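Reading the structure
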Amino acid sequence: MAIARRGLVVALFPSLCLVFASQVLAQRTPLKPGLNSFTPQEDITLGKRAATDAEKQLPPCNAPKVDAYLTQLGTRLTQKLSTGGVQYPFEFHCVNDKAINAFALPGGYVFVNRGAIEAADNEAQLAAVLAHELSHVALRHGTNQATKAMVAETGLGIFGAVFGDSAGGALLTTLGNFTAGGVLLRYSRTAESQADVMGTQVLYDAGYDPRAMAQFFEKLEADSKGKNPPEFFSDHPNPEHRVGRVDEEVEKLGGVPPHAKRDSAEFEATKREVLALPVVKKTVPGVPGAVPAPPPPSRSLAEYQASAYALKYPNNWKKYLDSEGGGVSFAPEGGILDDGSGHSALAYGLIIGVAQAKGDANDEHALISATNQVIQDLQKSNPGMKITRQGEHLRLNGQPGLSTYLSNLSPAGGQETDWVVSVLRPEGLVYFVCVAPQSAYDNYDKTFSSILDTVRFAK
Ligand SMILES: [Zn+2]
């Protein structure tokens, strides 16, 4: 109830400002943050916590020059952003994700996907994306949404946890999700329209061609005709007459200034650098959210018989036969995730493959070189994959084998551990890749070992 009363006071405030602003600032549309029961300092606290979590979950571009460029461009825009006197600790991060998207957490933590940089035709269009995101921060749309959820009492439970004793850390840990259940980034169409309009003003004031805002949206729409709409529209729902509203604001601002900036050599250089970055497989489609962990492996076993070997695996895991190459995977329910581009990625389970290799089972050099080849091939399709431990010998069904540990980005978010066990057989190098997120690996270690213990090679 206290919230509702506080909201009334806040709600009166913008209308007073509106009258005042319209006298001072000629024609431009006045915009102010809406109902909010959080303080700007709470925006920063909550946003910071969520940003720390986001950094752990999202693959970074690992390109200091790109981050520096985003920061420089973003800072130029924040200087023209009306924050009502609040000093937000703006940060700009490049995310190695091909999806065209960007988001800003409360308090000014801005994340820009490489896909958004690649999709922009010039600096003004990228500036438009940033100006839009920064407007969400200045207008405090994240905590405004949260406030509305609280008032409607739908999100009360969730946000009670944020500001209760357990603080937001508990909330974020519980949900494993930097968007706090998506509430902070679930903008309304009205919020979107406001971010477009304020973003257009920021572009104009920073000396950019303000039409870039509309041009970027037009381009996104045209590019996605008949296809899945870009992710940007799922986080930033398309308000009606989006382009028309931006054009209208450009008119109110007095049209395009004669020397409006459109492009720069720095943008072109940054875009080239971004295009050359290694591609990282997307972890979770859409706004990364909590991925429920699969049920624990059953102690009852099922049998699998291939031509070269047989093994037993937990009977609550499913078997997936590779359509080509004779490989097979075993994974629990929820162990295989969509990598965001319609491709499946295994987050928990076991992959078995046979690679072409010649050599006697006891030929150590042949075993090592065939294993290295397989690992290089795995690294080609998993650019983030690194060897953490290698060259350890073991025996699998009495045969000499090699054990290699790797780390990789997990489709479930964060890092995963991949344990590769390889054995040379007449049919080639038979290799077993045991996969689980690093944080859950200890729970799977025993299961993987006991599956491997059941392996029987054909005589
Ligand atoms: Zn938006």
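Note that the structure is predicted; figures quoted are calculated from it, not measured.

Thoughts on empty space enclosed by the protein
Taken as a whole, this structure holds 3 cavities of 30 Å³ or more when the rule is applied. Secondary structure elements with two or more residues in the lining of the second largest cavity: strand 2 (102-105), helix 5 (123-138) and helix 6 (141-151). Counting residues per element, the lining of the second largest cavity draws most heavily on helix 6, at 3 residues. Looking at the lining of the second largest cavity, its residues break down into 5 nonpolar, 4 polar and 2 charged.

Structural notes on the packing of aromatic side chains
What characterises a pair of aromatic rings is the spacing of the ring centres plus the angle enclosed by the ring planes. This model, assessed by the stated rule, comprises 13 aromatic pairs. What links up through ring pairs into an aromatic cluster is the set Tyr304, Tyr309, Tyr313, Phe330 and Phe432. Between Arg242 and the ring centre of Phe217, over which it is positioned, the NZ or CZ distance is 3.8 Å.

A word on the coordination of the zinc ion
All of the protein donors around the zinc ion are His132 (NE2), His136 (NE2), Glu192 (OE), Glu192 (OE) and His236 (ND1); their distances to the metal are 1.9 to 2.4 Å. One chain supplies every donor to the zinc ion, and in sequence these donors are spaced H-x3-H-x55-E-x43-H. Remark: His236 occurs in the loop between helix 11 (231-235) and helix 12 (242-252) and Glu192 occurs in helix 9 (residues 189-205); sequence separation between them is 44 residues. Residue Glu192 is classed as buried on the basis of its relative accessible area of 0%. Residue class for His236 comes out buried when judged on its relative accessible area of 0%.

Some details on the side chain of His236
Reaching out from His236, the side chain makes a polar contact with the side chain of His132 at a distance of 3.3 Å. Looking at His236, its side chain comes within polar contact range of the side chain of Glu133, at 2.9 Å. Here His236 is in contact with Asn101, Ala102, His132, Glu133, His136, Tyr187, Glu192 and Arg242, once residues within four sequence places are set aside.

Topic: the pattern of salt bridges
Taken as a whole and judged by the stated rule, the model has 16 salt bridges. Residue Arg242 is joined to Glu192 by a salt bridge in which the shortest nitrogen-to-oxygen separation is 3.0 Å. Here the residue Arg242 occupies a position in helix 12, and Glu192 occupies one in helix 9, the gap between them amounting to 50 residues. For the pair formed by Arg242 and Glu192, the shared burial category is buried.

Considering the nonpolar core
Buried together is how nonpolar side chains tend to be arranged in soluble globular proteins. Judged by nonpolar contacts, the single largest core of 63 residues is most densely connected at Leu77, Leu105, Phe111, Val112, Ile117, Leu126 and Leu203. Residue contributions to this core peak at 10 residues, all from helix 5. If sequence neighbours within four positions are ignored, Leu126 has contacts with Tyr69, Leu70, Leu73, Val112, Ile117, Ala120 and Phe267. Counting 32 residues, the second-largest nonpolar core is a separate cluster that includes Tyr304, Ile352, Tyr441 and Phe457.

Quick look at the sheet that holds strand 3 (residues 109-113)
Ordered in space as 1-3-2, the 3 strands form an open sheet in which the pairing is mixed. In this open sheet, the two edge strands, each paired with only one partner strand, are strand 1 (91-95) and strand 2. Strand after strand, the sheet turns through a mean of 20° between neighbouring axes, direction not considered. Each of strand 1, strand 2 and strand 3 touches helix 2 (residues 40-57); the most contacted strand, strand 3, lies at about 35° to it. Running at roughly 30° to strand 2, helix 5 makes contact with strand 1, strand 2 and strand 3 of the sheet.

With respect to the sheet that holds strand 14 (residues 428-437)
Pairing in this open sheet of 7 strands is antiparallel, and the strands run 6-7-10-14-13-12-11 from one edge to the other. In the strand order of this sheet, the two ends are held by strand 6 (317-321) and strand 11 (386-396), each with one partner. Taking each pair of neighbouring strands and ignoring which way they run, the sheet shows an average axis angle of 20°. Looking at chain direction, strand 11 and strand 12 (residues 399-409) are connected through 8 bridges and run antiparallel. Among the inter-strand pairings, Arg395 is bridged to a residue of strand 12, identified as Pro400. Contacting strand 10 (349-355), strand 11, strand 12, strand 13 (415-425) and strand 14, helix 14 (residues 364-381) crosses the sheet at an angle of about 20° to strand 12. Of the strands in this sheet, strand 6, strand 10, strand 11, strand 12, strand 13 and strand 14 touch helix 15 (residues 441-453), which is tilted by about 155° from strand 14.

Criteria and cut-off values
In every chain, residue numbers begin from 1 and rise along the written sequence. Residue-level local features of this predicted model are given only where pLDDT is at least 70; pairs of side-chain atoms are given and counted only at 80 or more, and the full residue set underlies all totals for whole chains, interfaces and linings. Note that water and hydrogens are dropped before the side-chain values are worked out from all heavy atoms of the structure. Cavities and pockets were defined on a 1 Å grid built from protein atoms only: a cavity is a group of points that admits a 1.4 Å probe but offers it no way out, a pocket is an open group of points flanked by protein on both sides within 12 Å along at least five of seven lines, and a lining residue is one with an atom within 4 Å of any such point. Grid points are joined across faces, edges and corners, and a volume is the space filled by probe spheres set on the points. A run of H or I in DSSP counts as a helix once it spans at least four residues, and a run of E counts as a strand once it spans at least two, with each numbered from the N terminus. Gly counts as polar in this scheme, as do all residues outside two lists: the nonpolar Ala, Val, Leu, Ile, Met, Phe, Trp, Tyr, Cys and Pro, and the charged Asp, Glu, Lys and Arg. Pairing of aromatic rings covers Phe, Tyr and Trp, the last through its six-membered ring, and needs centres within 6.5 Å; plane angles under 30 degrees mean stacked, over 60 mean edge-to-face, and all others mean tilted. Each ring is checked for a lysine NZ or an arginine CZ that lies within 6 Å of its centre and within 35 degrees of its normal; such an atom marks a charge sitting over the ring. Only N, O and S atoms count as donors, using a 2.8 Å limit from the metal and a wider 3.2 Å limit for Na, K and Ca, and since water is excluded some coordination spheres may look unfilled. Each residue is assigned to one of three classes by its accessible area relative to the maximum for its type, calculated with a 1.4 Å probe on protein chains only: buried under 20%, partly exposed between the two thresholds, exposed over 50%. Nitrogen and oxygen atoms within 3.5 Å of one another constitute a polar contact, given that in protein one can donate a hydrogen and the other can accept it, and given that sequence-neighbouring residues count only through two side-chain atoms. In this analysis, two residues are considered to be in contact whenever any of their non-hydrogen atoms come within 4.5 Å of each other. Whenever Lys or Arg places a side-chain nitrogen within 4 Å of a carboxyl oxygen from Asp or Glu, that contact is recorded as a salt bridge. We define the nonpolar core as a collection of buried residues of types Ala, Val, Leu, Ile, Met, Phe, Trp, Tyr and Cys that are connected through side-chain atoms lying within 4.5 Å of one another. For two strands to count as paired, DSSP must find a minimum of two bridges between them. Between N-to-C directions, angles cover 0 to 180 degrees, with each direction set by a line fitted to C-alpha atoms, over the stretch in contact for helices.

So, to be careful, I would describe these as geometric facts and stop short of saying anything about function.
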